[in-house]
Amino acid sequence: MTIKKALTLSVCSALLAGNALADDKVLNIYNWSDYIEPEAITRFEQETGIKVNYDVYDSNEVLEAKLMAGGSGYDVVVPTGAFLERQLQAGIYSKIDKSKLSNLGNLDAALVEKISSHDEGNLHNIPYAWGTVGLGYNVDAVKARLGDMEFDTLDLIFNPEVTAKLKDCGIGVLDSPAEVMAIAQNYAGVDPNSESKKDLKKGAEVLEKVRGDYKYFHSGKYISDLANGDVCVALGYNGDILQAQSRAEEAGQGVNVSYAIPKEGTLIWFDLLAIPSDAPHPEAAHRFIDYILQGDTAAGISNYVYYAVPNKAAEPLLNEDVISNPGIYPSEAVKAKLFAQKAHTARFDRLLTRTWVNIKTGR
Amino acid sequence: MSASKIAWINDSYAKMTRYNFFRRVNWGRFSVVSVPYLWLAIFFFIPFVVVFKISLSEAAIAVPPYTPILDWNLEEAYVTLKISLSNYLFLLEDDFYLSAYLSSIKVAAISTFFTLLVAFPIAYLMARTEGSTRALLLALVILPFWTSFLLRVYAWMGLLKKNGLINETLMSLGLIDQPLIMMQTDFAVYIGIVYTYLPFMVLPLYSALEKMDMTLLEAAEDLGARPYQSFFLITLPLAMPGVIAGCLLVFIPAVGEFVIPALLGGSDTLMIGRVLWDEFFLNRDWPMASGVAVVMLIILVLPIMLIRNSQGKEGAA
């Protein structure tokens, strides 16, 4: 046997071994950035011997573009409710075999029920975490401008008299038309999920009146800007704002960030574990989902990322500052006012995007 | 086997080897020449055809998210070809896209002008110095490229923001008492583009200026030309190929720029890169996004090809 032949053979056998490995010992996960306790992955690898390839994204749109192009190669992805709802219409997810999930009973049944509006019978998803869109504010800066009042109101960003006073210290709003418009429509007193032109216009009018007082529309910048004091009010995701809060504490520059769920009601969102229909390793995917459903794993994630997990078994294991934080685990009374955002039709999306650009650019 | 048949086989074998030999020589020559064409075909033409094809379909909730142009069914024996021009018609009807194209071109033109203004003295200095100084200047122009582009834009955010380095310095010097608002403005976008694309302008200018025959300037001086006259009558016209090449290298990517306006610009900066993003990600309308991209390419490429063409003719004359 020549050296060349020997090399070729050994390369071939290595490839074969690699293939055999790929059948059951690899798992490709695509999740949001900073959305898991890093040790949770290591522990899963040690317990199961499955090698995890962990990729991250920072917007539902990016995830959707990859999935819709086909052949993404991912086994577990974590879309938000309304996105999963629409993606189901394209048939890109396979049903989850719940008989393989021994920890299914840990789920919070009341929350799971809410999700069935996105996925009839919840056949294709297992909830991963949930949260709200609300107000992050710099306590001292806002108090200095508005005096003593309760800050759990959308007046902070939607009432022109209030925003005029806050303009100089900076207001940042998510650059996410569907979510912000739903909240604005709800503030204007119409159905947040309405697709009628009239209701959209009412929501748009709310934003047009205050747009000039906003510093920017952006979906990520407000985290560091709140922490540094570059903006003093932001409409954003609760976990992001709590992250800004802890960053501000660490920096020790005297910036005091707080989060409030507006009393007018706001969006509740669910990020859902799902298995793409072309997932190469569905077995490993089920094992991972079952692992996430364990009380200790879920609690570890919630303690680390500051988002709520819909897991009853996790509750006793949550840190005191997490479970007692109303920004993460709100009271039942507050929860009752939260609404989920439904997937829109393509026609309405086009109308909404245009309305949004017009608001942003002041056209 | 008959003798004639063997002769025939020998003959055709000889022909074949000759043919093969001939082909091998040609193939070698061909492969050398074809590399750039192959490159263009793989990285420009094929992607363009794919994008163009998508722009002729319609959006759908499916994988991939658009309708097929060509559809066939062998059992029922039909082939349908469905080409939709609705995306292009919509582009024409709606003045929103026109104003997005125009505002992108405006931003790119202003940035290109300022890049030229900043780059010319740098290139001039580089071309007029010798040896190690020139090597040092060249390194200074190229060195920032070794750092990630994103990192450099973030560095600008640190400089320009409300409590950033520039504002802090000016305030502590007592020159201003209110911080200047520079972030989230068009000004920040221009700074970002000029800074990022500077080397693309400097290098072509430098190579044009370096080739210049210095005796021409001496001659002009002898004939009584003042320095500014010889600059405008001799240096600038001779540097023109470099100016045009540099301006194109800056202008073309600046029109489609997405990252710099997204990070440094305000929400009201309307640029075609952002419109493309919205079509693709928010409307999930890949065909419309492809249509916007194809039209942008046509708007950019046609005038540029005309310029290159007229230049080529001048060069030949």
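Residues numbered from 1 in each chain as written. Chains lettered and ligands numbered in written order. Predicted model: local features only at pLDDT ≥ 70, side-chain atom pairs only at ≥ 80, totals over all residues. Heavy atoms only, no water.

Enquirer: Whenever I open this one, the overall build of chain A confuses me. Can you help?
Expert: Secondary structure summary: chain A contains 17 helices and 10 strands in total. Here chain A has a C-alpha radius of gyration of 23 Å; the compact-globule value for 363 residues is 21 Å, and the two agree. Principal axes of the C-alpha set define a box for chain A whose edges measure 85 × 45 × 45 Å. With 363 residues in all, chain A has 57% of them scored as buried. Here the analysis covers contacts within chain A between residues at least 6 apart in sequence; of these, 73% occur between residues at least 24 apart. Distance between charge centres in chain A, computed from 35 positive and 49 negative side chains, equals 7 Å. (Helix = DSSP H or I, 4+ residues; strand = E, 2+ residues; numbered from the N terminus. Rg over C-alpha atoms; globule rule 2.2 N^0.38 Å. Buried < 20%, exposed > 50% of the residue type's maximum accessible area, 1.4 Å probe, protein only. Contact = heavy atoms within 4.5 Å. Lys, Arg positive; Asp, Glu negative; His and termini not counted. Charge placed at Lys NZ, Arg CZ, Asp CG, Glu CD.)

Enquirer: For this particular structure, what's the right way to read the packing of helix α3 (residues 95-128) of chain B against helix α7 (residues 186-210) of chain B?
Expert: When two helices pack together, their arrangement is captured by the angle between the axes and the distance separating the axes. Residues and elements named next belong to chain B. It is at 6 Å that the axes of α3 and α7 come closest, and there the two elements cross at 45°. Our classification of the angle between α3 and α7 gives oblique. Crossing of α3 over α7 shows right-handed handedness. Here the residues of the contact of α3 with α7 are counted per class, giving 23 nonpolar, three polar and three charged. (Axes fitted to C-alpha atoms, helices over the stretch in contact; angles between N-to-C directions. Parallel < 35°, antiparallel > 145°, perpendicular 65-115°, else oblique. Left-handed = near helix turned anticlockwise from the far one by under 90°. Nonpolar A, V, L, I, M, F, W, Y, C, P; charged D, E, K, R; others polar.)

Enquirer: I tried to follow the interface of chain A and chain B on my own but got confused; where do I start?
Expert: Where interface size is quoted, it is often the accessible area lost as the parts come together. In this complex, chain A contributes 33 residues to the contact, which on the side of chain B involves 33 residues. Interface area for chain A against chain B, summed over the two sides, is near 2800 Å², with a carbon-plus-sulfur share of 52%. Among the residues of chain A in contact with chain B, Met68, Arg350 and Arg354 of chain A are the three that bury the most area, contributing 21% of the side total. At the junction of chain A and chain B, the tally comes to 12 residue pairs in polar contact (both at pLDDT 80 or more). For the side of chain A that touches chain B, a count of residues per class yields 13 nonpolar, six polar and 14 charged. (Buried area = accessible area lost by both parts, 1.4 Å probe. Polar contact = N/O pair within 3.5 Å; in protein donor to acceptor, adjacent residues only side chain to side chain.)

Enquirer: Is there a simple way to think about the side chain of Thr163 of chain A in this case?
Expert: All names here are of chain A. For Thr163, the location among the structural elements is in helix α8 (residues 160-166). You can call Thr163 buried: its relative accessible area is 0%. When residues no more than four places from it in sequence are discounted, the contact partners of Thr163 are Asp155, Leu156, Ile157, Phe158, Ile171, Val210 and Asp213.

Enquirer: Which parts of the structure should I look at to understand empty space enclosed by the protein?
Expert: Think of a ball as big as a water molecule: rolled over the atoms, this probe shows where empty space is left. Tallying each qualifying case throughout the model produces four cavities of 30 Å³ or more. Each pocket or cavity is described by its volume, and for the largest cavity that value is around 80 Å³. Lining the largest cavity are Arg350, Thr353, Arg354 and Val357 of chain A together with Phe96, Tyr97, Val275, Asp278, Glu279 and Asn283 of chain B. Of all the elements in the fold, those that place two or more residues in the lining of the largest cavity are α17 (346-361) of chain A together with α3 and α11 (272-282) of chain B. Here the residues of the lining of the largest cavity sort into four nonpolar, two polar and four charged. In this structure, the second largest cavity encloses a volume near 50 Å³. (1 Å grid on protein atoms, 1.4 Å probe; cavity = no way out; pocket = protein on both sides within 12 Å on 5 of 7 lines; lining within 4 Å. Points joined across faces, edges and corners; volume = space filled by probe spheres on them.)

Enquirer: How do you make sense of a nonpolar patch on the surface when you look at a structure like this?
Expert: Residues and elements named next belong to chain B. Residues Leu38, Trp39, Leu40, Ile42, Phe43, Phe44, Phe45, Ile46, Val49 and Val50 make up a contiguous nonpolar surface patch of roughly 1000 Å² in combined accessible area. Within the secondary structure layout, Val50 lies in helix α1 (residues 3-55). A residue is classified by how much of its surface remains accessible, and Val50, at 44% relative accessible area, is partly exposed. (Patch = residues over 30% accessible without salt bridge, like charges linked within 9 Å, V, L, I, M, F, W, Y side chains within 5 Å. Areas by Shrake-Rupley, 256 points an atom, 1.4 Å probe, with all protein chains shown as cover. Salt bridge = Lys/Arg side-chain N within 4 Å of Asp/Glu carboxyl O.)

Enquirer: For this particular structure, what's the right way to read unusual backbone geometry?
Expert: Excluding glycine, a negative phi dihedral is what most residues carry, and trans is how most peptide bonds are arranged. Cis geometry is found at the peptide bond from Val63 of chain B to Pro64 of chain B, where omega equals -10°. Of note in this structure, Tyr306 of chain A is not a glycine but carries a positive phi near 65°. Residue placement: Tyr306 of chain A occurs in the loop between α14 (295-305) and α15 (320-323). Accessibility expressed as a relative area gives 23% for Tyr306 of chain A, which makes it partly exposed. With a phi close to 60°, Gln184 of chain B is a non-glycine residue in the positive phi region. Here Gln184 of chain B is to be found in the loop between α6 (165-172) and α7. The exposure class of Gln184 of chain B is buried, given its relative accessible area of 12%.

Enquirer: Explain the sheet that holds strand β2 (residues 51-57) of chain A here, please?
Expert: What links the strands of a sheet is backbone hydrogen bonding, and the strands pair in either a parallel or an antiparallel sense. All names here are of chain A. Taken in spatial order, the three strands make up an open sheet running β2-β1-β3, and their pairing is parallel. At either end of the open sheet lies a strand with only one pairing partner, and these are β2 and β3 (76-77). Where strand β1 (residues 26-32) meets β3, two bridges bridge the pair, whose relative direction is parallel. Each residue of the ladder has a partner; that of Ile29, found in β3, is Val76. The sheet strands contacting helix α2 (residues 38-48) are β1 and β2, and the helix crosses β2 at an angle near 155°. Where helix α3 (residues 60-69) meets the sheet, its contacts fall on β1, β2 and β3, and the angle it forms with β1 comes to roughly 140°. (Pairing = 2+ DSSP bridges.)

Enquirer: Is there a simple way to think about the domain arrangement of chain A in this case?
Expert: Residues and elements named next belong to chain A. As assigned here, chain A comprises domain 1 (3-125 + 274-293) and domain 2 (132-268 + 341-361). For domain 1 and domain 2, the distance between their C-alpha centroids amounts to 33 Å. Here domain 1 packs against domain 2, burying approximately 540 Å² in sum over the two surfaces, 47% of which is carbon and sulfur. A per-residue breakdown of the area domain 1 buries against domain 2 is headed by Ala82, Glu85 and Arg86, which together make up 57% of the total. The tally of links between domain 1 and domain 2 comes to two salt bridges. For the salt bridge of Arg86 with Asp349, the shortest nitrogen-to-oxygen distance reads 3.6 Å. On inspection of domain 1 and its partner domain 2, the count reaches three residue pairs in polar contact (both at pLDDT 80 or more). Looking at which element gives the most residues to the side of domain 1 that touches domain 2, the answer is helix α4 (residues 81-89), with three residues. The residue inventory of the side of domain 1 that touches domain 2, partitioned by class, reads two nonpolar, two polar and two charged. (Domains from an automatic or database assignment.)

Enquirer: How should I be thinking about the pairing of strand β2 (residues 78-81) of chain B in this particular structure?
Expert: Look at any regular strand and the pattern is simple: side chains alternate between the two faces of the sheet. All names here are of chain B. Where strand β1 (residues 70-73) meets β2, four bridges bridge the pair, whose relative direction is antiparallel. In the strand pairing of β2, Leu70 is matched with Leu81. Hairpin connection between β1 and β2: a loop of four residues separates the two successive antiparallel strands, and Ala77 in this loop has a positive phi of roughly 55°.

Enquirer: What exactly am I supposed to notice about helix α9 (residues 227-255) of chain B here?
Expert: Its 29 residues give α9 of chain B an end-to-end C-alpha distance of only 36 Å, which falls more than 12% under 42 Å, the value for a rise of 1.5 Å per residue. At Met240 of chain B, α9 of chain B shows its largest kink, close to 50°, and the proline Pro241 of chain B lies no more than four residues downstream. (Expected span 1.5 Å × (residues − 1). Bend = angle between axes of the 7 residues up to and from the residue.)

Enquirer: Help me understand the domain arrangement of chain B, please; the structure alone is not making it clear to me.
Expert: As assigned here, chain B comprises domain 1 (3-56) and domain 2 (94-284). The C-alpha-based centres of domain 1 of chain B and domain 2 of chain B are spaced at 44 Å.

Enquirer: What exactly am I supposed to notice about the UniProt feature "binding site: spermidine" (unreviewed entry) in chain A here?
Expert: Residues and elements named next belong to chain A. According to UniProt, the "binding site: spermidine" (unreviewed entry) feature falls on Gln341. In this structure, Gln341 sits in the loop between β10 (339-340) and α17. The exposure class assigned to Gln341 is buried, which follows from its relative accessible area of 12%. Those residues within four positions of Gln341 in sequence are excluded, and the remaining contacts are Ala82, His118, Ala178, Glu179, Asn193, Leu267 and Ile268. (UniProt positions renumbered as here; feature names shortened; annotations may be inferred.)

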